[in-house]
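Chain residues, written in single-letter form:
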Amino acid sequence: MFDLASGQFDTPITNPFPTTEIFSAGAWAPCLLDGSCTADFNGDTIVDFFDYLDFVAAFAANEPVSDFNADTVVDFFDYLDFVAAFAAGC
Ligand SMILES: [Ca+2]
Ligand SMILES: [Ca+2]
C-alpha cells in the first residue's frame with residue numbers, strides 16, 4: 001500500500017517482468033537522448049515493457065503514432081518492425 005504521509009510504499013515493489021525471462025539482453029537498456037532509439041515508444045529514455053504495452057495499445061486503436069515504419073498505413077508490418085526494434089534494444 002502507498003502511505004500518503006510518507007510518500008512511500010510500505011511494501012517493496014518488485015518487477016513482475018524479469019528481463020531474462022521475457023526479453024533479450026538488448027531490451028531494458030537506457031537509451032541515448034538523441035531520439036535515435038525508436039523502440040523507446042513512450043519517450044522516457046528507457047526501453048522496457050511499458051514501451052511494448054504502449055505501442056500495442058496505440059496499434060490496436062489504429063492510432064497514427066503506431067505507424068512505426070512511417071509509410072502512412074498502420075498495419076502488421078508496423079508491429080513487426082516495432083518488435084524487431086524493441087528486441088534489438090538501444
Ligand atoms: Ca520507454
Ligand atoms: Ca506503417
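In the block above lies the structure referred to throughout.
In this report, the structure presented in the accompanying data block is examined.

Cut-offs used in this document
- Residues numbered from 1 in each chain as written.
- Chains lettered and ligands numbered in written order.
- Predicted model: local features only at pLDDT ≥ 70, side-chain atom pairs only at ≥ 80, totals over all residues.
- Heavy atoms only, no water.
- Helix = DSSP H or I, 4+ residues; strand = E, 2+ residues; numbered from the N terminus.
- Expected span 1.5 Å × (residues − 1).
- Buried < 20%, exposed > 50% of the residue type's maximum accessible area, 1.4 Å probe, protein only.
- Patch = residues over 30% accessible without salt bridge, like charges linked within 9 Å, V, L, I, M, F, W, Y side chains within 5 Å.
- Areas by Shrake-Rupley, 256 points an atom, 1.4 Å probe, with all protein chains shown as cover.
- Salt bridge = Lys/Arg side-chain N within 4 Å of Asp/Glu carboxyl O.

The subject of this paragraph is helix α2 (residues 49–60). Every α-helix winds through 3.6 residues per turn, so residues three or four apart in the chain are directed the same way. Along its twelve residues, α2 runs 16 Å from first to last C-alpha, staying within 8% of the 16 Å computed at 1.5 Å per residue. Of the positions making up α2, those classed as buried are F49, D51, F55 and A58. Phi turns positive one or two residues past the end of α2, at N62, with a value near 60°.

Turning our eyes to something else, we now look at a nonpolar patch on the surface. A contiguous nonpolar patch, built from F76, F77 and L80 and spanning about 330 Å² of accessible area, is present on the exposed surface. You can see F76 is positioned in helix α3 (residues 76–88). Look at F76 and you get exposed, because its relative accessible area is 51%.

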